[in-house]
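Structure assessment
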Amino acid sequence: MDVLRAQSLTKRYKNIAAVDNVSLTVERGDIFGLIGQNGAGKTTLMRLVASLTFPHSGQIELFGETTERGLAQARLRMGCIIEMPALYPNLTAVQNLEYCRIQSGIPDKTSVQKALEKVSLTDTGKKKFKDFSLGMKQRLGLGLALLKNPDFIILDEPINGLDPTGIIEMRNLIKDLNDQGITLFVSSHILTELAQVATKYAIIHKGKLLKTMTQEVLREDCKRALSVIVDDVARTSVILENEMNIHLYKQISANEIRVYEQLEHSAEVNYRLNLAGVRVSSLYEVGDSLEDYYKNIIGGESR
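Description of the structure in this document. Note that the structure is predicted; figures quoted are calculated from it, not measured. (Residues numbered from 1 in each chain as written. Predicted model: local features only at pLDDT ≥ 70, side-chain atom pairs only at ≥ 80, totals over all residues. Heavy atoms only, no water.)

Moving on, we get to the environment of Leu273. Within the secondary structure, Leu273 sits in helix α10 (residues 266–275). Given a relative accessible area of 1%, Leu273 falls into the buried group. Expressed as a C-alpha distance, the spacing of Leu273 and Val230, which sit 43 residues apart in the sequence, is 9.0 Å. In contact with Leu273, other than residues within four places in its own chain, are Val228, Val230, Thr236, Ile239, Val278 and Val280. (Helix = DSSP H or I, 4+ residues; strand = E, 2+ residues; numbered from the N terminus. Buried < 20%, exposed > 50% of the residue type's maximum accessible area, 1.4 Å probe, protein only. Contact = heavy atoms within 4.5 Å.)

This part is about the sheet that holds strand β5 (residues 78–81). The sheet built from six strands is open, its strands ordered β5-β6-β7-β3-β8-β9 with mixed pairing. Whereas interior strands pair on both sides, the edge strands pair on one side only; in this sheet they are β5 and β9 (208–214). Neighbour to neighbour, the strand axes of the sheet diverge by 15° on average, direction disregarded. Looking at chain direction, strand β6 (residues 152–156) and strand β7 (residues 183–188) are connected through five bridges and run parallel. By the bridge assignment for β7, Asp156 is matched with Ser187. (Pairing = 2+ DSSP bridges. Axes fitted to C-alpha atoms, helices over the stretch in contact; angles between N-to-C directions.)

The next subject is helix α1 (residues 42–49). Most of α1 sits inside the fold, with six of its eight residues counted as buried. When α1 is considered as a whole, its buried residues turn out to be Lys42, Thr44, Leu45, Met46, Leu48 and Val49. Directly after α1, the chain includes Ser51, whose backbone phi takes a positive value near 65°.

With respect to topology, four strands assemble into an open sheet ordered β11-β12-β10-β13, the strand pairing being antiparallel. Two strands in the sheet have a free side with no partner beyond their single neighbour: β11 (249–251) and β13 (280–286). Within the sheet, the average angular offset between the axes of one strand and its neighbour, ignoring direction, is 20°. Pairing geometry for strand β10 (residues 225–230) and strand β12 (residues 256–259), over four bridges, is antiparallel. Within β12, the position partnered with Ser227 by the bridge is Arg258. Where helix α9 (residues 233–244) meets the sheet, its contacts fall on β10, β11 and β12, and the angle it forms with β12 comes to roughly 20°.

Taking 1.5 Å of rise per residue, 13 residues should cover 18 Å, and helix α5 (residues 134–146) covers 19 Å from first to last C-alpha, within 8% of that figure. Most of α5 is tucked away: 10 of the 13 residues are buried. Where α5 is buried, its residues contact β5, α3 (93–104), α4 (111–118), β6 and α6 (164–179). (Expected span 1.5 Å × (residues − 1).)

Before going further, it helps to examine the nonpolar core. If you look at the biggest cluster of nonpolar residues, it comprises 46 residues, and the most contacted ones within it are Leu140, Leu142, Leu184 and Tyr201. Residues contacting Leu142, with those up to four places away along its chain left out, are Ile81, Val119, Ile153, Leu155, Met170, Leu173 and Leu177. Val3, Leu24, Ala40 and Met78 belong to the second-largest nonpolar core, a separate cluster that totals 28 residues. (Core = buried A, V, L, I, M, F, W, Y, C linked by side-chain atoms within 4.5 Å.)

Next comes the structure, spelled out in structure tokens:
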């Protein structure tokens, strides 16, 4: 079942399209990573889904609901943290969540303790929110999103500004929540970090959705390999397997084979092929780092 379907969403501010004809689908069980530079449209898109702002055109479907009344009911199953949550600096973790529970009309009095347990903040005692580390503040914000025991959570830049320990804690927490059956929609401008948790990705740039992909596709696109251009692909395959014990390779075209192992032995590959009478036109390493891959898609930093 699809948790979220956004179809042709557009949101403009003073004739500038912050979100420009965006369509995407988040399926149940996904950790869906939304990637983009600051100002790319990530937060605006999330605000549209959360009904914190409204589109000029397009449609949002949540848990199969599209009507105004149906969407209102569906959003009861959703928690979100967009930008820094408005929590009271002089209240403790328990006091903040209890206040929010009452304000939200959540009848379950145990929801505060359950939320604090999920974000590992049950031992903060009388410590006030203003004295929390940034990582603790982010986790308490996530605890706020968990008060309703949601099936779907939106997190806007949850690792922004965190130190390495805080990033690891947030990463593990996102994975734990997903293991508990919660679907997550997470934004970041750090592809390398999202790549450690997300199952699917969408890259947004200047309001436009440029590419969506699964984790498997991203890994395949970024895989390092030797690109070998030859005049006899069939003969090359035999030599790789029988003479060099190389089995991880793929025929890309009529003249190209990509080799995914023994990359450090490129000179030996070239030597063996030439010795067998295979003409090698070129042999070079291909495959992007995650950062290069992202930059190539958005057109480079100069754009």
